Structures are given as C-alpha cells and as structure tokens.
Amino acid sequence: MDENNLTDYYFTASASASNNLTYLIQSTTKQAQQQNQQPSVPFYTIVISLIIYSLIFAIGFFGNAIVIFVVCCNKSLQHNTNYCLVNLSVADLLLITVCMPSAIVDLFAKEVWYFGYLLCKIIPWLEYSIAHASVLTIVAISVERSMAISTPLLAKQIFTSKRLCIVVILIWIISTLSSIPIMTSTFYTEAYHKTMEKYVSICFTSTQKRWDLAYLFLSLILFYLLPCILLFIQYSRIVFTIKNRKYASVRLDSTANKHHQRIEKISIDHRSEKHKH
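Residues numbered from 1 in each chain as written. Predicted model: local features only at pLDDT ≥ 70, side-chain atom pairs only at ≥ 80, totals over all residues. Heavy atoms only, no water.

## Here we look at helix H3 (residues 80-109)
Cut-off, in case you're wondering: Put simply, DSSP marks the helices as runs of H or I at least four residues long and the strands as runs of E at least two long, and each gets a number from the N terminus on. Each helix should span, by expectation, one fewer than its residue count multiplied by 1.5 Å. The reported bend at a residue is simply the angle between two axes, fitted to the 7 residues ending at it and to the 7 residues beginning with it.
Given a rise of 1.5 Å per residue, 30 residues ought to cover 44 Å, and the 44 Å separating the end C-alpha atoms of H3 matches this to within 8%. Most pronounced at Cys 99, the bend in H3 amounts to some 25°, and the proline Pro 101 follows within four residues. Downstream of H3 by one or two residues, Lys 110 has phi in the positive range, about 55°.

What follows is the structure, encoded as structure tokens:
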C-alpha cells in the first residue's frame, strides 16, 4: 500500500506485546478518516469473491482428487511421469484445503485472527511448503519430459520409478525445511481495535528485520525466478528437438520418395526392354 494514501490507524499493539510491537492497519478512504470507522468491504466484492473462491475450490478439489484416484486405481498409468503428476495434484489439493478457508475467513474477519497461536505459525509455513513443493515438482516434470523427448534411452536409465519416488520425497523435505524461517517472521499478538473498541488477536508477517527481507528475496529467486528460467530452457529444448525431428522426417520422406521413383523408373524401363525383345 502506498504510504501517501495512508490516513488512519485501525490497530495499536498492546504494551504487553513482545518488543513493543505496533501493528498498524490503516484506512484509505476520507470517509473513514472523518468518522474514525473501519471501511467495510462492499457487499458485491464479498459475493464475487465467494463465487470465485467456491469455483476454484470445487474445480481444484475434485479435479486433483480424480487425478489421484485414477492413477492409483489404474496400474497401467503408474509410470514415471505420472508419479510427479500425482505429487503435483497432492500439493495442489493441500494448497486448496489450507489456503482457501483462511482466505474466505479474511473477507469477514477484518484482519482479526480467530485461529489461535499455533495455526498462526503453522498456516504460513504450510502455504510456503506446499507452494515450494508445487514449483519443484513442475521443474522435475519438465526435466523428465525434456530428457524423454531429446534423449529417450538415457531418460529411461536415469528416471526409474525408484529414483522418481526418491525425488518426490526430497522435494517435500526441501520444501518443508526451506519454509521454516517464515515461522520466525510470523507474530501472534493482541492489539486494540479502534472500531470494535476492544483488544483482538492478530497474526501478521513482519519484514522489519534484514533477515526477514533476505529470506523473502532468496525464496523469490530460488523458488520462482530460477525455476522460470529452467522451465524456459527445458521447454525450448523440447521445441527445438521436435522441430529438428520434423525436418529430419521430411528430408527422409523426400529421399525415400526419390528412391521409390528411381526404382519405379528402372522397373518400367526393364519391362519395356522385355516387350521389345
């Protein structure tokens, strides 16, 4: 939010909060400044958000559940690539079940946290862990597909079922461990709500320390920028491989057609010579 537009405080942290933390949630409307009230979310915004959230939840939940069910029940589909696809579906399913409920509650909670201290720490950690696992799984799928298309024999030797299971386990270990620092940057405290005129519980992620900012930038680089670059490289490799094979097949077909025409011409000449004799 732009600091020039900040006009009014909603929360002031209590004196008993650790390190005298002050959590400031500020208004952006002149009417709220004049009346010293918290601007309510427009009703149409809530309705549209609920519809979108419901659609995302329904499609994402049932779609990913069907993928997991079909692959697990059909042995013919239990091969290398589908192991990663199932892992991606599991990550998406967890992301929907963890993030969507808290996002819907935020529409009505007005920045008040109702889930207690433990979930204040765990939910951000789960969100980061699942997001990191999804990104790493997509990268693993792109590498496997790229090698399967460009060097299929080598891909069969490297990406065995056992090794892919180990890769999936490593993805979750790396994702969960790399998300632990977000728990140290998330705080649960009591703050005075001016509109409600009482102390309420709040949960927020702080970026005041250099370590917090360094972690966020490092996560952005390792789990977004580098994967995007790697995906671009892998899929570019796939495109070039397919194009080269297409050109090679065209050349082979044209060479085969020329040889076929020559054979037909030789056979016709041979027949004509027989007729002459």
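From this point, things continue past the structure.
## Some points on the state of the cysteines
What counts, and what does not: Note on disulfides: each one is a pair of cysteine sulfur atoms within 2.5 Å. The buried label applies to any residue whose accessible area, calculated with a 1.4 Å probe on protein chains only, is under 20% of its type's maximum; exposed applies above 50%, and partly exposed to all values in between.
In this structure the tally under the stated criterion is one disulfide. Paired through a disulfide, Cys 120 and Cys 203 show a sulfur-sulfur distance of 1.9 Å. Because the sign of the S-S torsion sets the handedness, a value of about 90° for the bond joining Cys 120 and Cys 203 places this disulfide among the right-handed ones. Of this pair, Cys 120 sits in helix H4 (residues 116-150) while Cys 203 sits in strand S5 (residues 198-205), and the two are 83 residues apart along the sequence. Assessed through its relative accessible area of 0%, Cys 120 is described here as buried. Not engaged in a disulfide, the cysteine Cys 84 finds its nearest cysteine sulfur in Cys 165; these two sulfurs lie 9.1 Å apart.

## A few points about the packing of aromatic side chains
Applicable threshold: The rule is short: rings of Phe, Tyr and Trp, with Trp giving its six-membered ring, pair when the centres are within 6.5 Å, and they are stacked under 30 degrees, edge-to-face over 60, tilted in between. Remark: a charge is flagged as sitting over a ring if the NZ atom of Lys or the CZ atom of Arg is within 6 Å of the ring centre and within 35 degrees of the ring normal.
Evaluated as defined, the whole model comprises seven aromatic pairs. Here Phe 57 and Phe 61 contribute two aromatic rings whose centre-to-centre distance is 5.7 Å and whose plane-to-plane angle is 10°, an arrangement assigned as stacked. Of the two residues, Phe 57 and Phe 61 both sit in helix H2 (residues 43-73), four residues apart, roughly one turn of that helix. Overall, Phe 57 belongs to the partly exposed group, its relative accessible area being 33%. Exposure remark for Phe 61: the relative accessible area of 29% places this residue in the partly exposed category. Aromatic ring contacts, followed pair by pair, group Phe 57, Phe 61 and Phe 62 into a single cluster. A cation sits over an aromatic face here: Lys 121 above Phe 187, 5.7 Å from the ring centre.

## Remarks on the pattern of salt bridges
As a reminder, the rule being used: Each salt bridge in this description consists of a side-chain nitrogen of Lys or Arg and a carboxyl oxygen of Asp or Glu lying within 4 Å of one another.
Overall, the coordinates contain one salt bridge when judged by the stated rule. Glu 144 serves as the salt-bridge partner of Arg 145, at 2.8 Å between the closest nitrogen and oxygen. When its relative accessible area of 5% is taken as the criterion, Glu 144 is described as buried.

## Quick look at a nonpolar patch on the surface
For clarity, the threshold we go by: Residues qualify for a patch when their relative accessible area is over 30% and they have no salt bridge, like charges being joined within 9 Å and the nonpolar side chains of Val, Leu, Ile, Met, Phe, Trp and Tyr within 5 Å. For every accessible area listed, the method is Shrake-Rupley and the probe measures 1.4 Å; residues are considered covered only by the protein chains on display.
Residues Leu 213, Phe 217, Leu 218, Leu 220, Ile 221, Leu 222, Tyr 224, Leu 225, Leu 226, Ile 229, Phe 232 and Ile 233 make up a contiguous nonpolar surface patch of roughly 1200 Å² in combined accessible area. Within the secondary structure layout, Tyr 224 lies in helix H8 (residues 210-276).

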